[in-house]
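Given next are the chains, with one letter for each unit.
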Amino acid sequence: MKNLFTNPPRLPLVAPSILSADFMHMGDECRHALEAGADLFHFDVMDGHFVPNLTMGPDLCRCLRAEIPAAFIDVHLMVTDPAKFVDPFLAAGANHLTFHVEVMPADAARRLAERVRAQGATVGLAINPPTPVEAALDLVPDFDLILVMSVNPGFSGQRFMPEVLDKTRRIQPMLKPTQRLEMDGGVGPRTVEEVRRAGCDVIVAASAVFGVPRPQRASVIRTLRGEE
Ligand code: DX5
Ligand code: ZN
């Protein structure tokens, strides 16, 4: 499959996070989100250690891949030891893996990024709200995507933190046309415009998409992309 993140044109991509989907009806929820215009799925992985919550693992990723073979799966590893999960998620059909700058030194992050790329996936680096942008700047050229968190990770449905937009404004001018800037946390119809204006072109939304009734989701997705 061609990689959605490194292939221009650079339209804003809308990435519903399945964390707020109905877990008892995950296949239907995902199929419906694609019909409603989703570009890809954001897949939040939490280990109960890096963040105070537990979510999903490689088995659900494998099921999603089998259920929707054409899906692009963007795995967000909110875990203390991402190296442990790279191979299981790639074997389970993930297209992209993002891990956090907070969990390892820069040289180890570069090596892990190379390991992901060597297996044909793209790789992202995420930065939490309290972490200074300087922690990520030197690493920007080594990643396909930078994910700026706009909530403290762990749960969907939290309030957007506008102060993190200063980070995206710093990072955006450093990016090549093949790199992407993703924002995750509290993004919805009311906050998305400033997110796009600050240079983000991958828009993650859990509660804004899956927290509204299905008939409204296509319109929310168009709004997130800036089409209405
Ligand atoms: C938060 C996760 C997010 C979350 C976003 O820790 O990384 O992807 O699902 O949820 P909303 O869009 O509801 O803030
Ligand atoms: Zn996420």
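Every chain begins its residue count from 1, and numbering advances along the sequence as written. To read the labels, note that chains go from A and ligands from 1, taken in the order they are written. Where local features are concerned, this predicted model is filtered to residues with pLDDT of at least 70; where side-chain atom pairs are given and counted, the filter is 80 or more; whole-chain, interface and lining totals use all residues. In computing side-chain properties, one takes all heavy atoms of the structure into account and sets aside hydrogens as well as water.

Peer 1: Sorry if this is basic, but what is going on with the site of ligand 1 here?
Peer 2: We call a residue near a given molecule or strand whenever any one of its heavy atoms falls within 4 Å of it. Inspection of the region around ligand 1 gives 20 residues, with Asp44, Gly154, Asp184, Gly186 and Ser207 positioned closest. The separation between an oxygen atom of ligand 1 and a polar side-chain atom of Ser17 is 3.0 Å. Here a polar contact is taken to be a pair of N or O atoms separated by no more than 3.5 Å, where protein atoms must pair a possible hydrogen donor with a possible acceptor and residues adjacent in sequence count only if both atoms sit in side chains. Asp44 places a polar side-chain atom, nitrogen or oxygen, 2.7 Å from an oxygen atom of ligand 1. Using a 1.4 Å probe, accessible areas were evaluated by the Shrake-Rupley method; residue-level cover was limited to the displayed protein chains. Compared with its free state, where it exposes 390 Å², ligand 1 has 100% of that area covered by protein. Only protein atoms enter the 1 Å grid used here, on which a cavity is any set of points holding a 1.4 Å probe that cannot leave and a pocket is any open set flanked by protein within 12 Å on both sides along at least five of seven lines; residues with an atom within 4 Å of a point are listed as lining. A pocket or cavity is taken to hold a molecule when more than half of that molecule's atoms are within 2 Å of the pocket's grid points. Because more than half of its atoms lie within 2 Å of the grid, ligand 1 is assigned to the largest pocket. Elements are defined by DSSP. Helices are runs of H or I of four residues or more, strands are runs of E of two residues or more, and each kind is numbered from the N terminus. Those elements that place two or more of their residues in the shell around ligand 1 are strand 2 (41-46), strand 3 (73-78) and strand 8 (202-205). Take the shell around ligand 1: its biggest share by element is three residues, from strand 2. For this scheme, ten residues count as nonpolar: Ala, Val, Leu, Ile, Met, Phe, Trp, Tyr, Cys and Pro. Four count as charged, namely Asp, Glu, Lys and Arg, and the remainder, Gly too, count as polar. Partitioned by chemical class, the residues of the shell around ligand 1 number nine nonpolar, nine polar and two charged.

Worth remembering: the numbers are spatial, not functional.
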